[in-house]
Amino acid sequence: MNILVCGGAGYIGSNMTAMLARHGHNPVVYDNLSKGHKSAIRNAQFVRGDLADYDLLVETIKKYSIDAVMHFAAFIEVGESVADPLGYYYNNFCNARNLLQAMVDTGVNKFVFSSTAAVYGEPETIPITEDIAKQPINPYGDSKRAVELMLSFLSKTGKMNYAALRYFNACGAGEDGTLGEDHQPESHLIPLIIQAAMGKREDIKIFGNDYPTHDGTCIRDYIHIEDLCKAHLLALDKLDDEAELIFNLGNGKGYSVLEVIETVKKVSGKDFTVITGDRRPGDPPVLTADASRARQQLGWTTDFPELEIIVESAWKFHNANPDGYGD
Ligand code: UDP
């Protein structure tokens, strides 16, 4: 299939693009490079463009005879979204609407959407199933939830089949450790700890150690980027017959912040300073996925569920690319 990968120069989008190419698809990356990296794009056509540019979207869809769209181009920082809600609703919601309009107007009717566990807010039951209440507590989560709702209503008109994939903590590096995380500024736990292990930052700060968990630190469900992308391929295959697909993507096993730090120490063989700070606002104590729906309906299995393997792949990427993609 000819697949438009919006945000294909970013962390998840670039891994997805490489995987699509490996599986015989023709990915076309559409990215404005505001956050992504041109050198992360492998084996794909590249169009530098903005999702706000309806005319360029339509032109690109027609030029490459696009059959389906995967959409990764969004802002992802919770704290930033609280400071700039309008910026988040514009980029994550309005631009997604623009993209869907371009798809409907050109007759493209398969859409795979990057969603997030942030749509659940602070869930009362763990592990999280797809059907529990969606009560986002920040503009980031709500902007994703709003797109999900728009997709649901749109699918009921018969004009769009979609899969909304709710990611837990995507991490690790794909393509044999060559496609990893390079965010500016970095805010994600595993790359930050690796920076401490590499001596690129003085320490790693734990955001709170007084949570009701076994060691007091927050527990998250870390899912390897390759496993995450694999689920997109499976979902895409189903969109010929299914109008609405919604799946959690996680391993179902949680690791605490302290356990992640210990794993990085073990994998890297490095020691570094760990300090404990205040809680980060809006962090629920435990977020783990019940991903049995994806396992049953998609036949999804994870190849790299062990945290050590995930961290090894990230460590490999950061060592080979100490300055990230350098662009
Ligand atoms: N975290 C931390 N120190 C950091 C960055 C993150 O203790 O410097 C914690 C954060 O509070 C959360 C977990 O690590 O409990 C994962 O955070 P991340 O930002 O990577 O992902 P999130 O769960 O927010 O999507």
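Predicted model, so just to flag it, every value in this text is computed and none were measured. (Residues numbered from 1 in each chain as written. Predicted model: local features only at pLDDT ≥ 70, side-chain atom pairs only at ≥ 80, totals over all residues.)

With that out of the way, let us pick up the site of the ligand. Surveying the vicinity of the ligand reveals 14 residues, the closest of which are His188, Leu189, Phe207, Cys218 and Val257. Mapped onto the shell around the ligand, the elements with two or more residues apiece are α6 (189–197) and β8 (203–207). The element that contributes the greatest number of residues to the shell around the ligand is β8, accounting for 4 residues. Among the residues forming the shell around the ligand, the class breakdown is 7 nonpolar, 3 polar and 4 charged. (Near = placed C-beta within 6 Å. Helix = DSSP H or I, 4+ residues; strand = E, 2+ residues; numbered from the N terminus. Nonpolar A, V, L, I, M, F, W, Y, C, P; charged D, E, K, R; others polar.)

Moving on to helix α2 (residues 54–63). Within α2 the residues assigned to the buried category are Leu57, Thr60 and Ile61. Buried residues of α2, seen end-on, are gathered within an arc of 100° and therefore sit on one face of the element. Pointing more than 90 degrees away from the buried face of α2 are the exposed residues Asp55, Lys62 and Lys63. Buried positions along α2 lie against β1 (2–6), β2 (26–31), β3 (45–48) and α4 (85–106). The positive-phi residue at the C-terminal boundary of α2 is Ser65, with phi of around 45°. (Buried ≥ 20, exposed ≤ 12 C-beta atoms within 10 Å, placed from the backbone. Arc of directions from axis to C-beta. Contact = placed C-beta atoms within 7 Å.)

Turning next to the domain arrangement of the protein chain. In many reports, interface size means the accessible area that the parts give up when they come together. Domains assigned within the protein chain are domain 1 (2–171 + 223–249) and domain 2 (189–220 + 252–320). For domain 1 and domain 2, the distance between their C-alpha centres works out to 24 Å. Taken together, the 24 residues of domain 1 in the interface contact 21 residues of domain 2. Those elements that place two or more of their residues in the side of domain 1 that touches domain 2 are β7 (169–171), α7 (225–238) and β11 (244–249). Ranked by the residues each element gives to the side of domain 1 that touches domain 2, the list is headed by α7, at 7 residues. Residues of the side of domain 1 that touches domain 2, tallied by class, amount to 13 nonpolar, 5 polar and 6 charged. (Domains from an automatic or database assignment.)

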